[in-house]
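Listed below, chain by chain, are the residues.
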Amino acid sequence: MTALTENVKKRWTKEEIKTLILESPKTTIDALLTLYSYQTPDEQDIAGSRYVNSRGFSKVDAAFGTSLAEQLQAGNSISAKQLESTKEFLMKYCGQLAEIANEREEKRIKVEASGIVVSQQEVGALPKAVHIPSDFGFDPAKFPEYRPGQFETAEKVSNSEKKLFLVEAPTGVGKSLLAMTAVKIKEVSRTVYLCSTKQLQEQLEKDFHLPMLKGRNNYPCLHFPKLFPDVTSEICREYLGDDVCIFEFDCPYLQSKKAALTAPVCVLNYSLFLTEANYVGKFSELDYLIMDELDTVESQLMSFVEVPISRRLIDKFHLGAPELKTKVESWVEWLKPVKEKLVKELSTYGDVKELDLMKLRECIRLKRLIRKLSFLIETLNENWVMEVDEDPKATVPITFRPVKVDNFAQEYLWKHTKQALGMSATIMGSAAMAIDLGLHTWDVETVSLDSPFPVESRTVNYMPVASVTYKTKEQAYPKLVWAVEQVLKKHPQEKVLLHTVSYDLRNYLLMKLQ
């Protein structure tokens, strides 16, 4: 799609304007607002037409056109149905719109030729460029055009100087394309796109051809290729020590990591990013950080900081909780000898290359836990809670968890990037979210987008079928299969998206619905 206004003189025809309107929602909206701007103030007030001046809406169309234009000027989007009606409505105005475009083109050429610098208001509002995703290198088959509000929001994001830009947008807005467009406009050299699931990572990799890096346990170790997935690349650092790996240039993990580190944009999950940025350091010093599902960031940080003590560890080293469980000082004194026991145990392992795989895994777990206990001994204070589960069957009887993560967010998240974009369908107050994530309210800029789907197409039908727990799943899962089948029968020619709360349920449904 070319811009309505180019660097050389252009004569627009009625057919060209018609094609632009039919092909691009952005042009449709621009055309409607252009016609509205030619309504005189009193015509706008009465939503009608009083003067025969060959500009603006006709008497028949004035009420409809004015209503839509004022809806858009108020910052509200229009539905897909309204958009199609507007396209049809504008067909009779293509000749007038071509004349307006040519008049403005003449004016622009005169202004440029004069060498006088004037404001856009003085020149008159020139027709805006029409942008489509392929202008920025995105696949036109997947992304033929921008949805209403998508490109404009991307421009706002790219122009913001705030530490964090929050975009609250429901399903269907196209947040990933919005974010990638903002990065292209911003022209930053190093961006990491964070998401919380492997499925989202894979979707971004597929749609935007981005290199994706997963955790080490998703890649085989070429020293033990036949033992994957029981043995993964996770053991490499301990197994090799300071030695250079003979498979360095073939290692799937190292090759994926190299591709991610050298690309202008790459995809990681939250857990891997927090580990890499804070301990390995390779994904720090970013220009930009995109955070999908921002509402999960607080829990992601909490999981990264908290320290669970497993039943297996407690039983092995005969650990009991301190007598004064509510006193922070008691827990600090409890942690010190626990750490000493673990360090002593680790010293008995000797040369890691002589260990069998089970012992090697145990060695890795011990090193990680010793590091976390050292952190706890230095950090534990009245802002932490110590949760003790007295149930003898509890797999994690003791957990150390901060009351809030705001004190850790700056150190573990924000210091690794100059700016960030956070996106979610559920941002329950931008000021509260900023504070919960360790930022000031003046560090954040926010925009909220409406759903592109008409209200009648996004009703929620509540149909309770079963109470699903681990204990009841054998009885509940078949009931869920039946319920999903009823939905599928009602929509035989439509795509249906199923959200499940676990991989176990997802796999069960996929198997039974084949």
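Residues numbered from 1 in each chain as written. Predicted model: local features only at pLDDT ≥ 70, side-chain atom pairs only at ≥ 80, totals over all residues. Heavy atoms only, no water.

Caption draft 1: Just the nonpolar core, in detail. If you look at the biggest cluster of nonpolar residues, it comprises 72 residues, and the most contacted ones within it are Phe273, Met291, Leu380 and Phe400. Not counting chain neighbours up to four residues away, the residues in contact with phenylalanine 400 comprise Glu306, Val307, Ile309, Trp331, Trp334, Leu335, Leu376, Leu380, Trp384, Val385 and Met386. Of all hydrophobic cores here, the second largest spans 31 residues; its members include Val157, Ala182, Met423 and Val447. (Core = buried A, V, L, I, M, F, W, Y, C linked by side-chain atoms within 4.5 Å. Buried < 20%, exposed > 50% of the residue type's maximum accessible area, 1.4 Å probe, protein only. Contact = heavy atoms within 4.5 Å.)

Caption draft 2: Layout of the packing of helix 13 (residues 270-280) against helix 14 (residues 297-305). It is at 10 Å that the axes of helix 13 and helix 14 come closest, and there the two elements cross at 55°. Looking at the two axes, helix 13 sits oblique to helix 14. Regarding helix 13 and helix 14, the two cross each other, and that crossing is right-handed. Note on element contacts: helix 14 touches helix 13 through Val297, Gln300, Leu301 and Phe304, opposite Tyr270, Ser271, Leu274, Thr275, Asn278 and Tyr279. A per-class count over the contact of helix 13 with helix 14 returns six nonpolar, four polar and no charged. (Axes fitted to C-alpha atoms, helices over the stretch in contact; angles between N-to-C directions. Helix = DSSP H or I, 4+ residues; strand = E, 2+ residues; numbered from the N terminus. Parallel < 35°, antiparallel > 145°, perpendicular 65-115°, else oblique. Left-handed = near helix turned anticlockwise from the far one by under 90°. Nonpolar A, V, L, I, M, F, W, Y, C, P; charged D, E, K, R; others polar.)

Caption draft 3: Region of the structure containing the pairing of strand 7 (residues 398-402). With respect to burial, strand 7 is a largely interior element, four of its five residues being buried. As paired strands, strand 6 (residues 384-388) and strand 7 are joined by five bridges and run antiparallel to one another. Each bridged residue has a counterpart across the sheet, and for glutamate 387 the counterpart in strand 7 is threonine 399. (Pairing = 2+ DSSP bridges.)

Caption draft 4: Region of interest: helix 8 (residues 150-159). Taken together, the buried positions of helix 8 are occupied by Gln150, Phe151, Thr153, Ala154, Val157 and Ser158. Buried residues of helix 8 fall within an arc of 160° about the axis and therefore sit on the same side. Check the buried side of helix 8 and you find it contacts strand 1 (164-168), helix 9 (175-186), strand 4 (286-291), strand 8 (417-424) and strand 9 (444-448). (Arc of directions from axis to C-beta.)

Caption draft 5: Summary view of the side chain of histidine 416. With respect to the secondary-structure elements, histidine 416 resides in the loop between helix 18 (406-412) and strand 8. Under the relative-accessibility criterion, histidine 416 is labelled buried at 3%. Within the structure, the side chain of histidine 416 is placed 2.7 Å from the side chain of serine 284, a separation counted as a polar contact. Beyond its immediate chain neighbours, meaning those up to four positions away, histidine 416 contacts Phe273, Ala277, Asn278, Ser284, Glu285, Leu286 and Glu411. (Polar contact = N/O pair within 3.5 Å; in protein donor to acceptor, adjacent residues only side chain to side chain.)

Caption draft 6: Structural context of the sheet that holds strand 3 (residues 265-269). Taken in spatial order, the six strands of this open sheet run 3-2-4-8-1-9, and their pairing is parallel. Edge positions in the open sheet fall to strand 3 and strand 9, since each of these has one partner strand only. Across the sheet, the axes of successive neighbouring strands diverge by a mean angle of 20°, strand direction being ignored. As paired elements, strand 1 and strand 9 share five bridges and run parallel to each other. Note that in strand 9 the partner of glutamate 168 across the bridge is serine 448. On the sheet, helix 8 packs against strand 1, strand 4, strand 8 and strand 9 and is oriented at approximately 160° with respect to strand 1. Docked against the sheet, helix 13 engages strand 2 (191-195), strand 3 and strand 4, running at close to 105° with respect to strand 3.

Caption draft 7: How the structure looks around the layout of surface pockets. Its boundaries defined by the atoms lining it, the second largest pocket holds a volume of some 1,500 Å³. Looking at the second largest pocket, it is lined by 42 residues, and the ones nearest its centre are Glu234, Thr275, Ile364, Arg368 and Arg371. Looking at the lining of the second largest pocket, the elements with two or more residues in it are helix 11 (236-240), helix 12 (252-262), helix 13, helix 14, strand 5 (307-309), helix 15 (311-317) and helix 17 (357-379). The element contributing the most residues to the lining of the second largest pocket is helix 17, with nine residues. Of the residues contributing to the lining of the second largest pocket, the split by class is 15 nonpolar, nine polar and 18 charged. (1 Å grid on protein atoms, 1.4 Å probe; cavity = no way out; pocket = protein on both sides within 12 Å on 5 of 7 lines; lining within 4 Å. Points joined across faces, edges and corners; volume = space filled by probe spheres on them.)

Caption draft 8: Layout of the environment of asparagine 217. Along the polypeptide, asparagine 217 turns up in the loop between helix 10 (198-208) and helix 11. Look at asparagine 217 and you get partly exposed, because its relative accessible area is 45%. If near-sequence neighbours (up to four positions away) are discounted, asparagine 217 is found in contact with Phe228, Thr232 and Glu234. Within the local environment of asparagine 217, its side chain forms a polar contact with the side chain of asparagine 218, the two groups lying 3.1 Å apart.

Caption draft 9: Representation of empty space enclosed by the protein. Tallied over the entire structure, the rule returns four cavities of 30 Å³ or more. Here the largest cavity defines a volume of roughly 60 Å³. Pro25, Lys26, Ile29, His131, Tyr146, Arg147, Pro148, Gly149, Phe151 and Glu152 are the residues that line the largest cavity. If you list the elements that add at least two residues to the lining of the largest cavity, you get helix 2 (25-37) and helix 8. Looking at the lining of the largest cavity element by element, the count peaks at three residues for helix 2.

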